[in-house]
Amino acid sequence: MQAILQEYGETLATKGLRIILILICTYAAYRLCEFIVARVGGVPMGHLGGKRRRRGETLLSIIQHVLFATFCFFGLMSLLRELDIDTTSLLAGVSIIGLSVGVGAQSLVKDFVAGFFILVENQYAIGDIIRIKGLTGKVLELTLRTTKLEGSDHVIHIVPNGLIDTVTNYSKETYFGAVRICVSQDYDPEKVMKILNDSLAAVSGLKELKPGAAVSGLSSMDKDSFFYDVNLPSAWVDSYTVCAAYQYEAAKRLYTAGIVLRSIRIGGPELVKENGMSA
């Protein structure tokens with residue numbers, strides 16, 4: 001063992017400069033390619049708008065990840081050859097190990113395949129507002145393996161692409177937030193509706209609230225409860241703020257009128273699709 005360490009120590013001493021040059025050249029080549037890709041891809045994207053621009057940014061991010069992995073691989077191979085390590089037999093061994101690991105890592109392969117089809121089919125891109133696996137948020141990062149979302153509460157969610165079975169894309173300019181209010185059937189619906197409309201008038205001055213806000217009315221019922229939905233259009237980033245403001249106004253007015261709230265929920269378009277049993 002000591003002889004082996006001494007041999008590699010002498011090799012490292014004699015070839016140290018060349019190893020350093022390999023590392024510097026690999027890094028410089030990677031940065032150059034990254035710069036070229038960013039420039040070539042960035043110029044036309046500057047003339048694109050909306051959805052096409054977001055898709056271009058997503059593809060650019062994927063290309064940069066692939067470039068990094070490629071240069072790391074070739075840089076490592078160059079270093080091993082410089083240290084007189086047989087890369088041919090090493091690659092053969094890695095291939096066998098990779099095959100064995102691949103059988104046991106089917107979920108990882110599934111993630112990459114799903115990520116590939118997300119990109120090819122343009123299901124969503126960076127900047128889109130989507131709902132996947134019960135999570136709604138803005139796409140911060142999309143790789144072949146995972147999707148990173150930021151919720152309206154600024155919590156970051158990382159979802160493996162292989163787990164995504166259904167995607168709802170809210171990539172339009174306007175996002176329809178919703179507030180669902182549940183009260184007992186003992187209270188007159190007409191009285192409750194008036195209070196909800198008064199609450200809407202109270203928040204109509206919010207600059208974040210877009211035209212089209214409305215109290216949808218009595219949307220459903222369950223046992224002895226009535227459910228009322230209120231739609232509040234805004235930009236997605238402002239949706240929670242607008243809904244929270246309306247929630248406060250409605251709760252305050254209902255309390256003043258002696259109407260007891262059973263529940264009040266904030267959500268998005270998916271909330272108004274739920275029936276009374278799930279509210």
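Everything numeric here is computed off the predicted structure, so don't read it as measured data.

> Mind showing me how you'd approach the pairing of strand E8 (residues 225-234) here?
Put simply, side chains in a regular strand alternate between the two faces of the sheet. Along E8, nine of the ten residues are buried, which leaves the element largely enclosed by surrounding structure. Judged from the ten bridges that link them, strand E6 (residues 175-184) and E8 form a sheet pairing that is antiparallel. Bridging from a neighbouring strand, Gly-177 pairs with Leu-232 of E8. One ladder, built from seven bridges, connects strand E7 (residues 214-222) with E8; its direction is antiparallel. Pairing of Leu-218 across the sheet is with Tyr-228, part of E8. Hairpin connection, E7 to E8: the antiparallel pair is bridged by two residues, and Lys-223 has positive phi, about 60°.

> How should I be thinking about a nonpolar patch on the surface in this particular structure?
A surface patch of nonpolar side chains, about 440 Å² in accessible area, is lined by Val-109, Val-113, Phe-116, Phe-117 and Val-120. With respect to the secondary-structure elements, Phe-116 resides in helix H4 (residues 106-120). Residue classification places Phe-116 among the partly exposed residues on the basis of a relative accessible area of 46%.

> Could you clarify how one ought to interpret the sheet that holds strand E2 (residues 135-142) in this entry?
Pairing between sheet strands relies on hydrogen bonds along the backbone, with the strands arranged either parallel or antiparallel. Across the sheet, five strands lie side by side as E4-E3-E2-E1-E5; this open sheet has antiparallel pairing. The open sheet terminates on both sides in strands that have one partner only, identified here as strand E4 (156-160) and strand E5 (167-169). Adjacent strand axes in the sheet meet at a mean angle of 40° when their direction is disregarded. Across three bridges, the pairing between strand E1 (residues 129-132) and E5 is antiparallel. The residue of E5 that forms the bridge with Ile-130 is Asn-169.

> How should I be thinking about the side chain of Thr-146 in this particular structure?
Summarising the element assignment, Thr-146 is placed in strand E3 (residues 146-150). Once you skip the residues sitting within four places of it in the chain, Thr-146 turns out to touch Glu-141, Ile-158, Val-159, Pro-160 and Asn-161.

How each quantity is defined
Residues numbered from 1 in each chain as written. Predicted model: local features only at pLDDT ≥ 70, side-chain atom pairs only at ≥ 80, totals over all residues. Heavy atoms only, no water. Buried < 20%, exposed > 50% of the residue type's maximum accessible area, 1.4 Å probe, protein only. Helix = DSSP H or I, 4+ residues; strand = E, 2+ residues; numbered from the N terminus. Pairing = 2+ DSSP bridges. Patch = residues over 30% accessible without salt bridge, like charges linked within 9 Å, V, L, I, M, F, W, Y side chains within 5 Å. Areas by Shrake-Rupley, 256 points an atom, 1.4 Å probe, with all protein chains shown as cover. Salt bridge = Lys/Arg side-chain N within 4 Å of Asp/Glu carboxyl O. Axes fitted to C-alpha atoms, helices over the stretch in contact; angles between N-to-C directions. Contact = heavy atoms within 4.5 Å.

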